[in-house]
Amino acid sequence: MKPSVLLAGVASASVASGHTIFSQLTADGKTYAVSYGIRTPSYDGPQTDVNAKNMACNGAPNPTTPSDKIIPVTAGSNVSAVWRHTLQSGPNDVMDPGHKGPVMAYLKKVTDAKTDSGVGDGWFKIQEGGYTNGKWATNVVIDNQGNQVITIPKCIANGQYLLRAEMVALHGARSTNGAQLYMECAQIEVTGGTGTGKPKTSSIPGVYKTNDPGLLIDIYSMKTTSAYVIPGPPVFTC
Ligand SMILES: *[C@@H]1O[C@H](CO)[C@@H](O)[C@H](O)[C@H]1NC(C)=O
Ligand SMILES: [Cu+2]
(Lines give C-alpha, C1' and ligand atoms only; values in the text may rest on other atoms or scores of the structure.)
(Ligands and ions follow the chains in the order given, each with its own letter.)
Protein backbone atom coordinates (compact mmCIF):
# COMPACT_ATOMS: atom_id res chain seq x y z
CA MET A 1 0.00 0.00 0.00
CA LYS A 2 1.14 3.56 -0.76
CA PRO A 3 2.01 5.92 2.07
CA SER A 4 -0.95 7.99 3.16
CA VAL A 5 0.85 11.30 3.50
CA LEU A 6 0.92 12.13 -0.20
CA LEU A 7 -2.78 11.54 -0.58
CA ALA A 8 -4.06 13.39 2.45
CA GLY A 9 -3.15 16.79 1.03
CA VAL A 10 -4.75 16.06 -2.34
CA ALA A 11 -8.01 14.88 -0.86
CA SER A 12 -8.49 17.81 1.47
CA ALA A 13 -7.38 20.42 -1.05
CA SER A 14 -9.68 19.51 -3.92
CA VAL A 15 -12.88 17.56 -4.17
CA ALA A 16 -15.65 17.86 -1.62
CA SER A 17 -16.61 14.28 -1.45
CA GLY A 18 -19.88 13.33 0.28
CA HIS A 19 -20.91 9.72 0.68
CA THR A 20 -19.26 6.47 -0.48
CA ILE A 21 -19.69 3.12 -2.30
CA PHE A 22 -17.83 -0.22 -2.03
CA SER A 23 -17.34 -0.30 -5.77
CA GLN A 24 -14.55 -2.79 -6.58
CA LEU A 25 -12.87 -5.81 -5.07
CA THR A 26 -9.20 -6.73 -5.17
CA ALA A 27 -8.70 -10.47 -4.60
CA ASP A 28 -5.73 -12.76 -5.14
CA GLY A 29 -3.78 -9.84 -6.61
CA LYS A 30 -6.39 -8.85 -9.17
CA THR A 31 -8.48 -5.68 -9.04
CA TYR A 32 -11.78 -6.28 -10.77
CA ALA A 33 -13.69 -3.62 -12.72
CA VAL A 34 -16.08 -1.26 -10.96
CA SER A 35 -19.30 -3.13 -10.08
CA TYR A 36 -17.86 -6.51 -11.16
CA GLY A 37 -19.46 -9.05 -8.83
CA ILE A 38 -20.78 -6.32 -6.52
CA ARG A 39 -24.35 -5.06 -6.21
CA THR A 40 -23.56 -1.38 -6.56
CA PRO A 41 -26.16 1.36 -6.18
CA SER A 42 -27.05 4.16 -8.57
CA TYR A 43 -26.83 6.61 -5.66
CA ASP A 44 -24.11 6.78 -3.00
CA GLY A 45 -26.39 7.61 -0.06
CA PRO A 46 -26.43 5.81 3.31
CA GLN A 47 -28.88 3.51 5.03
CA THR A 48 -29.98 4.97 8.37
CA ASP A 49 -32.61 2.51 9.70
CA VAL A 50 -30.74 -0.38 11.32
CA ASN A 51 -33.98 -2.41 11.35
CA ALA A 52 -34.53 -2.17 7.58
CA LYS A 53 -33.99 -5.15 5.28
CA ASN A 54 -31.78 -2.99 3.13
CA MET A 55 -29.25 -2.90 5.97
CA ALA A 56 -28.05 -6.26 4.57
CA CYS A 57 -26.96 -5.43 1.02
CA ASN A 58 -28.22 -1.86 0.47
CA GLY A 59 -31.18 -1.06 -1.78
CA ALA A 60 -33.90 1.60 -1.80
CA PRO A 61 -33.54 4.57 -1.51
CA ASN A 62 -30.27 3.64 -3.26
CA PRO A 63 -31.41 1.13 -5.92
CA THR A 64 -28.77 -1.56 -6.50
CA THR A 65 -27.96 -3.36 -9.74
CA PRO A 66 -27.62 -7.16 -9.65
CA SER A 67 -24.43 -8.77 -10.96
CA ASP A 68 -24.11 -12.15 -12.69
CA LYS A 69 -20.41 -12.41 -11.73
CA ILE A 70 -18.77 -14.28 -8.86
CA ILE A 71 -15.23 -13.44 -7.75
CA PRO A 72 -12.88 -16.29 -6.76
CA VAL A 73 -11.17 -15.78 -3.39
CA THR A 74 -8.60 -17.93 -1.58
CA ALA A 75 -9.26 -18.58 2.11
CA GLY A 76 -6.48 -17.15 4.25
CA SER A 77 -5.69 -14.38 1.77
CA ASN A 78 -6.31 -10.67 2.08
CA VAL A 79 -8.81 -8.93 -0.15
CA SER A 80 -9.42 -5.19 -0.45
CA ALA A 81 -12.85 -3.67 -0.59
CA VAL A 82 -12.25 -0.55 -2.68
CA TRP A 83 -14.34 2.45 -1.59
CA ARG A 84 -15.13 5.41 -3.86
CA HIS A 85 -17.32 8.49 -3.50
CA THR A 86 -19.10 7.60 -6.76
CA LEU A 87 -18.68 4.82 -9.33
CA GLN A 88 -16.67 7.32 -11.41
CA SER A 89 -14.35 8.54 -8.62
CA GLY A 90 -10.64 7.86 -8.31
CA PRO A 91 -8.48 7.01 -5.29
CA ASN A 92 -8.26 10.65 -4.18
CA ASP A 93 -12.06 10.83 -3.80
CA VAL A 94 -13.03 8.07 -1.37
CA MET A 95 -15.36 9.86 1.04
CA ASP A 96 -15.54 13.23 2.76
CA PRO A 97 -12.88 12.92 5.51
CA GLY A 98 -15.40 14.53 7.88
CA HIS A 99 -17.33 11.26 7.65
CA LYS A 100 -15.80 9.53 10.68
CA GLY A 101 -16.62 6.17 12.17
CA PRO A 102 -15.99 2.43 12.26
CA VAL A 103 -15.30 0.10 9.33
CA MET A 104 -16.45 -3.53 9.29
CA ALA A 105 -16.75 -6.59 7.04
CA TYR A 106 -19.02 -9.61 7.25
CA LEU A 107 -19.45 -12.90 5.41
CA LYS A 108 -22.57 -14.99 4.85
CA LYS A 109 -22.47 -18.47 3.34
CA VAL A 110 -25.10 -18.82 0.64
CA THR A 111 -26.21 -21.36 -1.95
CA ASP A 112 -26.34 -18.84 -4.79
CA ALA A 113 -24.36 -15.63 -4.30
CA LYS A 114 -25.89 -14.09 -7.41
CA THR A 115 -29.45 -14.19 -6.13
CA ASP A 116 -29.39 -14.45 -2.31
CA SER A 117 -30.77 -11.20 -0.82
CA GLY A 118 -28.52 -11.46 2.21
CA VAL A 119 -31.44 -10.56 4.48
CA GLY A 120 -31.64 -12.59 7.69
CA ASP A 121 -29.38 -14.90 9.69
CA GLY A 122 -26.01 -16.28 8.62
CA TRP A 123 -23.70 -13.28 8.93
CA PHE A 124 -20.42 -13.28 10.83
CA LYS A 125 -17.98 -10.41 11.20
CA ILE A 126 -14.47 -10.94 9.87
CA GLN A 127 -12.89 -7.51 10.18
CA GLU A 128 -13.40 -4.29 12.09
CA GLY A 129 -11.73 -0.99 12.86
CA GLY A 130 -12.89 1.65 15.33
CA TYR A 131 -11.13 4.57 16.96
CA THR A 132 -7.46 4.37 17.83
CA ASN A 133 -5.35 7.20 19.24
CA GLY A 134 -7.76 9.77 17.88
CA LYS A 135 -8.00 8.31 14.39
CA TRP A 136 -11.14 6.74 12.97
CA ALA A 137 -11.04 3.60 10.81
CA THR A 138 -12.84 5.47 8.02
CA ASN A 139 -9.89 7.86 7.84
CA VAL A 140 -7.51 4.88 7.71
CA VAL A 141 -9.39 3.66 4.61
CA ILE A 142 -9.39 7.15 3.04
CA ASP A 143 -5.64 7.46 3.66
CA ASN A 144 -5.17 3.98 2.13
CA GLN A 145 -6.62 5.15 -1.21
CA GLY A 146 -9.99 3.66 -0.38
CA ASN A 147 -8.69 0.16 0.36
CA GLN A 148 -10.30 -1.69 3.28
CA VAL A 149 -8.03 -4.67 3.88
CA ILE A 150 -9.95 -7.80 4.90
CA THR A 151 -8.46 -11.19 5.76
CA ILE A 152 -10.65 -14.08 4.58
CA PRO A 153 -10.43 -16.67 7.38
CA LYS A 154 -8.54 -19.82 6.44
CA CYS A 155 -10.83 -22.12 8.43
CA ILE A 156 -14.16 -21.34 6.75
CA ALA A 157 -15.89 -23.83 4.45
CA ASN A 158 -15.48 -23.59 0.69
CA GLY A 159 -18.38 -22.31 -1.35
CA GLN A 160 -20.25 -19.17 -2.25
CA TYR A 161 -20.52 -16.23 0.12
CA LEU A 162 -21.72 -12.68 0.24
CA LEU A 163 -18.97 -10.35 1.43
CA ARG A 164 -20.55 -7.29 3.03
CA ALA A 165 -18.15 -4.37 3.50
CA GLU A 166 -19.34 -1.43 5.58
CA MET A 167 -18.29 2.08 6.56
CA VAL A 168 -20.22 4.10 9.13
CA ALA A 169 -20.21 7.89 9.39
CA LEU A 170 -21.04 9.30 12.81
CA HIS A 171 -20.95 13.07 12.24
CA GLY A 172 -24.74 13.23 12.74
CA ALA A 173 -25.02 10.37 15.22
CA ARG A 174 -25.95 12.52 18.22
CA SER A 175 -29.58 12.02 17.21
CA THR A 176 -31.43 8.70 16.75
CA ASN A 177 -30.94 7.22 13.26
CA GLY A 178 -28.35 9.92 12.60
CA ALA A 179 -25.56 7.44 11.89
CA GLN A 180 -24.97 6.92 8.17
CA LEU A 181 -24.25 3.31 7.25
CA TYR A 182 -22.73 2.51 3.86
CA MET A 183 -22.58 -1.09 2.65
CA GLU A 184 -22.50 -3.20 -0.48
CA CYS A 185 -22.31 -6.97 -0.98
CA ALA A 186 -19.77 -8.69 -3.20
CA GLN A 187 -20.44 -12.18 -4.56
CA ILE A 188 -17.49 -14.49 -3.93
CA GLU A 189 -16.55 -18.15 -4.19
CA VAL A 190 -14.10 -19.29 -1.54
CA THR A 191 -11.62 -22.09 -2.18
CA GLY A 192 -8.78 -23.37 -0.03
CA GLY A 193 -10.78 -23.20 3.18
CA THR A 194 -10.31 -25.95 5.72
CA GLY A 195 -13.93 -25.90 6.88
CA THR A 196 -12.93 -26.49 10.49
CA GLY A 197 -14.24 -23.14 11.77
CA LYS A 198 -17.80 -22.86 13.01
CA PRO A 199 -18.68 -19.16 13.07
CA LYS A 200 -21.52 -18.03 15.31
CA THR A 201 -23.88 -16.10 13.04
CA SER A 202 -26.17 -13.10 13.39
CA SER A 203 -29.06 -11.63 11.44
CA ILE A 204 -28.86 -8.48 9.35
CA PRO A 205 -31.01 -6.57 10.05
CA GLY A 206 -30.85 -7.33 13.77
CA VAL A 207 -27.14 -7.12 14.35
CA TYR A 208 -27.34 -3.44 15.30
CA LYS A 209 -29.70 -1.55 17.59
CA THR A 210 -30.70 2.08 17.17
CA ASN A 211 -29.23 2.96 20.57
CA ASP A 212 -25.99 0.96 20.30
CA PRO A 213 -23.32 3.06 22.03
CA GLY A 214 -21.31 2.96 18.81
CA LEU A 215 -24.20 4.30 16.70
CA LEU A 216 -25.90 6.84 19.00
CA ILE A 217 -22.93 8.96 20.02
CA ASP A 218 -21.55 12.48 20.05
CA ILE A 219 -18.13 11.99 18.50
CA TYR A 220 -17.28 15.68 18.91
CA SER A 221 -17.10 15.27 22.68
CA MET A 222 -14.50 12.49 22.38
CA LYS A 223 -10.88 12.84 23.37
CA THR A 224 -7.90 11.20 21.68
CA THR A 225 -7.90 8.65 24.47
CA SER A 226 -11.66 7.96 24.47
CA ALA A 227 -12.81 4.36 24.14
CA TYR A 228 -15.21 3.57 21.32
CA VAL A 229 -17.42 0.46 21.18
CA ILE A 230 -17.61 -0.91 17.62
CA PRO A 231 -21.18 -2.05 16.85
CA GLY A 232 -22.09 -5.65 16.07
CA PRO A 233 -20.69 -9.01 17.19
CA PRO A 234 -17.01 -9.77 17.88
CA VAL A 235 -14.80 -10.65 14.93
CA PHE A 236 -14.74 -14.37 14.13
CA THR A 237 -11.26 -15.86 14.30
CA CYS A 238 -10.14 -19.34 13.37
C1 LIG B 1 -3.19 -9.22 5.61
O2 LIG B 1 -3.31 -7.90 6.09
C3 LIG B 1 -2.89 -7.77 7.43
C4 LIG B 1 -3.27 -6.37 7.88
O5 LIG B 1 -2.89 -5.40 6.94
C6 LIG B 1 -1.42 -8.07 7.53
O7 LIG B 1 -1.00 -7.95 8.86
C8 LIG B 1 -1.19 -9.49 7.05
O9 LIG B 1 0.18 -9.77 7.02
C10 LIG B 1 -1.76 -9.71 5.66
N11 LIG B 1 -1.71 -11.13 5.33
C12 LIG B 1 -1.38 -11.56 4.13
C13 LIG B 1 -1.52 -13.04 3.93
O14 LIG B 1 -0.99 -10.83 3.24
CU1 LIG C 1 -22.45 11.18 3.53
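Residues numbered from 1 in each chain as written. Chains lettered and ligands numbered in written order. Predicted model: local features only at pLDDT ≥ 70, side-chain atom pairs only at ≥ 80, totals over all residues.

With that settled, the discussion passes to the overall build of the protein chain. In terms of regular secondary structure, the protein chain is built from 2 helices and 12 strands. Going from N to C terminus, the protein chain has its helices and strands arranged as α-β-β-β-β-β-β-β-β-α-β-β-β-β. In terms of overall size, the protein chain behaves like a compact globule, its C-alpha atoms giving a radius of gyration of 17 Å where 238 residues would be expected to give roughly 18 Å. Overall, the C-alpha framework of the protein chain stretches about 45 × 35 × 35 Å when taken along its three principal axes. Counting contacts in the protein chain only where the partners sit at least 6 residues apart, residues at least 24 apart contribute 79% of the total. (Helix = DSSP H or I, 4+ residues; strand = E, 2+ residues; numbered from the N terminus. Rg over C-alpha atoms; globule rule 2.2 N^0.38 Å. Contact = placed C-beta atoms within 7 Å.)

On to the sheet that holds strand E12 (residues 202–204). Read across the sheet, 6 strands follow the order E3-E11-E10-E5-E6-E12 without closing on themselves; strand pairing throughout is mixed. Both edges of this open sheet fall to strand E3 (71–74) and E12, since each of them pairs with a single strand only. The mean angle between the axes of side-by-side strands here comes to 50°, regardless of whether they run parallel or antiparallel. As judged from the 11 bridges shared by strand E10 (residues 159–169) and strand E11 (residues 180–191), these two strands associate in the antiparallel manner. Each bridged residue has a counterpart across the sheet, and for glutamate 166 the counterpart in E11 is methionine 183. (Pairing = 2+ DSSP bridges. Axes fitted to C-alpha atoms, helices over the stretch in contact; angles between N-to-C directions.)

Grouped together as the largest cluster of nonpolar side chains are 56 residues, with contacts concentrated most on Leu25, Ala81, Trp83, Ala105, Leu163, Met167 and Ile188. At the level of secondary structure, the elements contributing two or more residues to this core comprise strand E1 (21–27), E3, strand E4 (78–84), strand E5 (103–109), strand E6 (120–129), helix H2 (137–143), E10 and E11. (Core = buried A, V, L, I, M, F, W, Y, C linked by C-beta atoms within 7 Å. Buried ≥ 20, exposed ≤ 12 C-beta atoms within 10 Å, placed from the backbone.)

Next up on the list: the UniProt feature "domain: Auxiliary Activity family 9 catalytic" (unreviewed entry) in the protein chain. In the numbering used here, UniProt assigns the "domain: Auxiliary Activity family 9 catalytic" (unreviewed entry) feature to residues 19–228. Here residues 19–228 runs as 3% helix and 34% strand, with 22 Å between its end C-alpha atoms. (UniProt positions renumbered as here; feature names shortened; annotations may be inferred.)

Reading across from one edge, E2-E1-E4-E9 is the order of the 4 strands in this open sheet, with antiparallel pairing throughout. With partners counted over all chains shown, the strands left at the sheet margins are strand E2 (30–31) and strand E9 (147–151), one partner each. Sheet topology places E1 next to E2; 2 bridges connect them, and they run antiparallel. Within E2, the position partnered with threonine 26 by the bridge is threonine 31.

In terms of burial, E1 is a largely internal element, 6 of the 7 residues being buried. In textbook terms, the turn of a hairpin is the stretch between consecutive antiparallel strands, and for E1 and E2 this stretch comprises 2 residues, one of which, aspartate 28, has a positive phi near 45°.

Summing up the model confidence of the protein chain, the mean pLDDT is 93 and the portion of residues at 70 or higher is 93%. Taken together, the stretch residues 1–16 has pLDDT below 50 and engages in 16 contacts with residues farther than four places along the chain or on a different chain. (pLDDT = per-residue confidence, 0-100.)

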